[in-house]
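# Working through the structure, step by step
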Amino acid sequence: MSKVIVVGSLNMDTTLRVPHIPVPGETILATGISSARGGKGQNQAVAMARLGAKVEMIGAVGSDDDGDQTRSALMKDGVGVEGLFTKQVHTGIASIYLDDQSRNNIVVYPGANFELTAADIRAVERLFDGATYCVMQLEIPLPVIYHTLELCHRKGITTILNPAPAAPDFDWSYLKYVDYLVPNESELELIAGEALTQSNLEALSLSLINRGLQNILVTLGSRGSAFFSASERFQVPALVVEAVDTTAAGDSFIGGFTTYLAEGKGVKEAMEFATKVAAIAVTKPGAIDSLPMRGEIEGEIQ
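Residues numbered from 1 in each chain as written. Predicted model: local features only at pLDDT ≥ 70, side-chain atom pairs only at ≥ 80, totals over all residues. Heavy atoms only, no water.

## Side note on the sheet that holds strand β3 (residues 32–38)
The 4 strands are arranged β3-β2-β6-β7 in an open sheet whose pairing can be described as mixed. Each having just a single partner strand, β3 and β7 (104–109) make up the two edges of the open sheet. Pairs of neighbouring strands in the sheet enclose a mean axial angle of 20°, with direction left out of account. Pairing between strand β2 (residues 11–17) and β3: 7 bridges, direction antiparallel. Across the sheet, Met12 pairs through a bridge with Arg37, a residue of β3. The strands touched by helix α1 (residues 40–50) are β2 and β3; relative to β3, the strand with the most contacts, the crossing angle is about 75°. Docked against the sheet, helix α2 (residues 65–77) engages β2 and β3, running at close to 65° with respect to β3. (Pairing = 2+ DSSP bridges. Helix = DSSP H or I, 4+ residues; strand = E, 2+ residues; numbered from the N terminus. Axes fitted to C-alpha atoms, helices over the stretch in contact; angles between N-to-C directions. Contact = heavy atoms within 4.5 Å.)

Structure representation (structure tokens):
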């Protein structure tokens, strides 16, 4: 098993169950509350570790109880924490509203995540030695992403960028350093600069290939996922399950996809495995708590 580096965010999530997502100016009563670890970086790192990957997490937590708990929990999950920095601020926090139809609305306070610097990446550059994949998201400062992309390019490490949350000010000239871009539909629209319709998914995706991107994998929710490169294009359907909470659907998908690639599997096979991982994750509440172990994937969904 090759090593995977995750450079990204770590949060503590507070989820409020609500009858519906409140509109501006509306006050409603929550029917339940829970707290758990989250952040796209942490979610993806833990997803891979539970699926059997060797993972190193690079990111930042605060000098508080949340930071201490996050570090300890990652170690229990089998995620390497040599690249986890402690900053003199609060650990990142996400407030999640989850309605009765399993739709969510999320507000994130970045906290320590936005204190991570390119200098921090340089300080732990040794962790990249021997890695074959590096996974990133956009919940940390963009200069850190740019530096990491350039570093991986120099070291020959395959990069997987999940452009979430969508960042209008991202410098898309860095697409040339991205091996796999994994956006959802709204993120694809922002990057391509055009509304997505039922007929232009391929055209928008290939427009990014023409701008220097190697491969793009678009997650389409209940319609599955679609892959495009200069020479290949295909779609993998979603599995029909009864969703309870879709909070970590995308993160679990990326975790499954990367794990299978790191095991030497092909792209389509990795997408099919990732689809199974996400299908199980959405049947459970929470982010970290919903991420399945390898045995669940191989035993429950065939």
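There is more to say, and it comes next.
## Concerning the layout of surface pockets
Computed from the structure, the largest pocket encloses a volume of approximately 1,200 Å³. Gly221, Thr246, Thr247, Ala249 and Gly250 are, among the 45 residues lining the largest pocket, the residues nearest its centre. Secondary-structure elements contributing two or more residues to the lining of the largest pocket are β2, α1, β6 (92–98), β7, α5 (185–192), α7 (249–262) and α8 (267–281). The element that contributes the greatest number of residues to the lining of the largest pocket is α7, accounting for 5 residues. Partitioned by chemical class, the residues of the lining of the largest pocket number 21 nonpolar, 17 polar and 7 charged. Each pocket or cavity is described by its volume, and for the second largest pocket that value is around 190 Å³. Mapped by element, the contributors of at least two residues to the lining of the second largest pocket are β2, β3 and β6. Among the residues forming the lining of the second largest pocket, the class breakdown is 6 nonpolar, 6 polar and 4 charged. (1 Å grid on protein atoms, 1.4 Å probe; cavity = no way out; pocket = protein on both sides within 12 Å on 5 of 7 lines; lining within 4 Å. Points joined across faces, edges and corners; volume = space filled by probe spheres on them. Nonpolar A, V, L, I, M, F, W, Y, C, P; charged D, E, K, R; others polar.)

Geometric values such as these leave the question of function open.
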